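Structure assessment
One letter stands for each residue in the lines below.
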Amino acid sequence: MAGTSALLKDSQSTLGIWQRNKGLKGNQNAQELIKVLHKALEAAQQEKRASSMYLTAAEDKDRLELVRHKVRQIVELSNRVEALETEKKELEQCLALRESCVEELQKHVQLLMDKNQGKQQVILKLMEQIDLDHSATVQEADAVATETLYKQQDEIEHLKDDLYAYKTQNQFLNSEIHQVTKLWRSVAEKEKVLLMKCAHLQAHNCQVESKYLMVLRRLQEASSDLASSDVELVKSLIQEALQWEAKEEAAEALQLNPIREYDDYGFMTIPKYEVEDLKLLAKIQALEIKSTKLLSHVVVEKSLHERWVDMAELRRSAELKGLIRCGIPVQHRQRVWKWIVNQHLCHHHPTNHYNRLLQRCEGTEHPASRQIELDLPRTLTNNRHFVSPTSQLIPKLRRVLLAFSWQNPSIGYCQGLNRLAAIALLILEEEESAFWCLVHIVENLMSADYYSNTLIASQVDQRVFKDFLSEKLPRLTDHFEHHRIDVSLITFNWFLVAFVDSLVSDILLQVWDAFLYEGMKVIFRYALAIFKYNEEEILRLNDSVEIYQYLRFFTHVIGDGRKLMNIAFNDMNPFPMKLLRSRRATHREELEAELSELERIKVQYMKKQEEQVASCLDRAVSEEEEEM
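Note that this is a predicted model, so its numbers are computed, not measured.

Quick look at the packing of aromatic side chains now. Following the criterion strictly, the structure yields 19 aromatic pairs and no others. Where Phe-465 meets Phe-495, the ring centres are 5.5 Å apart and the plane angle is 65 degrees; that geometry is what we call edge-to-face. Note that Phe-465 is positioned in helix α16 (residues 456–472) and Phe-495 in helix α18 (residues 488–497), a separation of 30 residues in sequence. Comparing Phe-465 with Phe-495 shows no difference in burial state: the two are buried. Members of the aromatic cluster, connected to one another through ring pairs, are Phe-465, Phe-468, Phe-480, Trp-494, Phe-495, Phe-499, Phe-524, Phe-531, Tyr-550, Phe-553, Phe-554 and Phe-575. Here Arg-316 stacks its cationic end above the ring of Tyr-517, 4.3 Å away from the centre of that ring. Lys-563 extends its terminal NZ or CZ atom over the ring of Tyr-533, reaching a point 4.6 Å from the ring centre.

Below you can see the structure in the form of structure tokens.
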């Protein structure tokens, strides 16, 4: 009964709570109330079951146990009530603190609102003041504007009058300028035509003078067949011709394309011959160069320069080959040479390979270092960068050659490598780039054993060249055979050093441009072209001594590089590389067989000499024994 009464009380209290909270929101509050009622109902049912168990208990012991259980529940509930009371007190304290904070915040907000109101009042006052000031300024500006408006209108009228006057004057001046421009253009065109005519006339004059000097040279060579009076006349004419240059320089007021003493790379444009008989040759060469320069001044190949400028990225192509054959301009040559060398070599070696070779040079003296030191002063004697022993390029050349001697120990150093390295230094400027260029020439472009002790590959190329010479220029070959001229005495050095010290600098570098790009075939082409260029002059010579004398210097009088290039790459066609390789292989077998035979003969001769010496010694010993 007690449990039922408690349940009724709980239900009444729950209902009271629901009635007090009737104003709460809809479904959510109803659901919470239902959950509370369910819990109260479950608790009442449990209490009812416990009371029924107490009443139905048969023994006092069971009833006592039920009482004890209820007591424990009461204790737990009392403890829970105490804990809830404590929590309630803490919450009340926290609520009090929060209420105090809210009061402080309300006070602070009120203070801020008061300040804001004060600022708004100040802003309103300032706005009123600004409006007053602005109205005063506008009034003043209006007054000034009304005063100056009439003045500005007067000035505008004056400016309109001035503008009309200037327009009239400008029209007159424009008509005058147009007339003057027409006159200037016509005068410029006439001047251009006159300059071209003058250049042609000067070039023609140089050619006539060159031919005249060649006639004097022929008369000088044939002086033994002339009378003494004619010989004296020829000498006086030669002396007079050699003095023309000084008179012309003093009298000339206009020089269309003056010849410099040195070119862009430091080579002498006109060689200085110490032999008196060759001074006339130097004069002839100067006239040839001057004539070529004058004609090239008239016909400027702008399209080639523009094509080189447009070729920013280099890649192998027929167009690039054609441009290189025509000669790389000075401003592009270094870039193209570096690209060619890098395409073949630098990526096959570590980046610090050259520096390691230099360190090895410092640590150990190479056997070839003495020969290198002897050849340094004899390198490119016609170039101002190598004439002086104190030149900055001399130490660079020494280091490049020493590094190469360690790079390729089978060759070490061979005379002629100094000139190849010197050309590479002049163009590429950097030591390491010149070193790799030399390596590219020796190891890629030239055949193996080209610079060995036997020079066997060089000798093979001379035999191959003679075959090509007999096929391409049969008349000249017959002429050489008739006078027993061995052209290899002249051409051997051409092939060994790629025409260095044999051609004038601009043609030499044009040959090197194509040589580095296409290979050794270019040397064969140009060697044949040089003989074709001077074929008629050589055929007119009918004495072996005169032919040899002419062949010693005839490459230096070639001044037309374009003509030589056309002969090399057009007149010498076809020139298949397959045929060149085949003939090299054939002549190499023949030469090796000849060398083997010579070696066998040498061994037999040495053996016979040893036997003769031994027999002589035995005879001498026997004679001494008989005397004793």
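A side chain with one charge may pair with a side chain of the opposite charge, provided their charged atoms come close. Evaluation of the coordinates by the stated rule reveals 20 salt bridges. Between Glu-536 and Arg-475 there is a salt bridge; the shortest N-O distance is 2.9 Å. Of this pair, Glu-536 sits in helix α21 (residues 535–539) while Arg-475 is found in helix α17 (residues 474–482), placing the two residues 61 residues apart along the sequence. On the accessibility criterion, Arg-475 (47% relative accessible area) is partly exposed. Note that Glu-535 is salt-bridged to Lys-532, the shortest N-O span being 3.5 Å. We classify Lys-532 as partly exposed; its relative accessible area is 34%. Taken together, the salt bridges that share partners define one network made up of Arg-475, Lys-532, Glu-535 and Glu-536.

Let us look at the environment of Gln-462. Relative to the assigned elements, Gln-462 resides in helix α16. Each C-alpha atom, one on Gln-462 and one on Val-487, is 8.7 Å from the other, the two residues being 25 residues apart in sequence. Every residue in contact with Gln-462, bar those within four places of it in the chain, is listed here: Ser-488, Thr-491, Phe-492 and Phe-495. Polar contacts involving the side chain of Gln-462 include one to the side chain of Thr-491, which spans 2.5 Å.

Okay, the nonpolar core next. Membership of the largest hydrophobic core comes to 120 residues, with the highest contact counts inside it found for Leu-417, Tyr-451, Phe-480, Phe-499, Phe-515 and Phe-531. Those residues in contact with Phe-480, other than ones at most four positions away along the chain, are Leu-469, Ile-485, Val-487, Phe-531, Ile-538, Ile-547 and Leu-551.

The geometry of helix α19 (residues 505–518) relative to helix α20 (residues 521–533) is characterised by a closest axis approach of 8 Å and an angle of 145 degrees between their N-to-C directions. Here Gln-510, Val-511, Ala-514, Phe-515 and Glu-518 of α19 lie close against α20, whose contacting residues are Val-522, Ile-523 and Tyr-526. Considering only residue class, the contact of α19 with α20 consists of 6 nonpolar, 1 polar and 1 charged.

It is worth spelling out the environment of Lys-563 at this point. Within the secondary structure layout, Lys-563 lies in helix α23 (residues 561–571). On the accessibility criterion, Lys-563 (42% relative accessible area) is partly exposed.

For helix α10 (residues 353–363), every residue scored as buried is listed here: His-353, Tyr-354, Leu-357, Leu-358 and Cys-361. Down the axis, α10 shows its buried residues gathered within 140 degrees of arc, on one side only. In α10, those exposed residues whose orientation departs by more than 90 degrees from the buried face are Gln-359, Glu-362 and Gly-363. Contacts made by the buried residues of α10 are with α13 (393–407) and α15 (431–445).

Here we come to the packing of α10 against α13. Axis separation between α10 and α13 bottoms out at 9 Å; the angle between their running directions is 95 degrees. Judged by the angle between their axes, α10 and α13 are roughly perpendicular. Contacts from His-353, Tyr-354, Leu-357, Leu-358, Arg-360 and Cys-361 of α10 reach α13 at Arg-399, Val-400, Leu-402, Ala-403, Trp-406 and Gln-407. Class assignment for the residues of the contact of α10 with α13 results in 8 nonpolar, 2 polar and 2 charged.

To continue, consider α18. Counted residue by residue, α18 has 7 buried out of 10 residues, so it is predominantly covered. The set of residues buried in α18 consists of Ser-488, Ile-490, Thr-491, Trp-494, Phe-495, Leu-496 and Val-497. On its buried side, α18 packs onto α14 (417–428), α16, α19, α20 and α22 (544–553). In the stretch just after α18, Ala-498 is the one whose phi turns positive, near 55 degrees.

Reading the values: the criteria
- Residues numbered from 1 in each chain as written.
- Predicted model: local features only at pLDDT ≥ 70, side-chain atom pairs only at ≥ 80, totals over all residues.
- Heavy atoms only, no water.
- Phe/Tyr/Trp six-rings, centres within 6.5 Å; stacked < 30°, edge-to-face > 60°.
- Helix = DSSP H or I, 4+ residues; strand = E, 2+ residues; numbered from the N terminus.
- Buried < 20%, exposed > 50% of the residue type's maximum accessible area, 1.4 Å probe, protein only.
- Lys NZ or Arg CZ within 6 Å of the ring centre and 35° of its normal.
- Salt bridge = Lys/Arg side-chain N within 4 Å of Asp/Glu carboxyl O.
- Contact = heavy atoms within 4.5 Å.
- Polar contact = N/O pair within 3.5 Å; in protein donor to acceptor, adjacent residues only side chain to side chain.
- Core = buried A, V, L, I, M, F, W, Y, C linked by side-chain atoms within 4.5 Å.
- Axes fitted to C-alpha atoms, helices over the stretch in contact; angles between N-to-C directions.
- Nonpolar A, V, L, I, M, F, W, Y, C, P; charged D, E, K, R; others polar.
- Arc of directions from axis to C-beta.
- Parallel < 35°, antiparallel > 145°, perpendicular 65-115°, else oblique.

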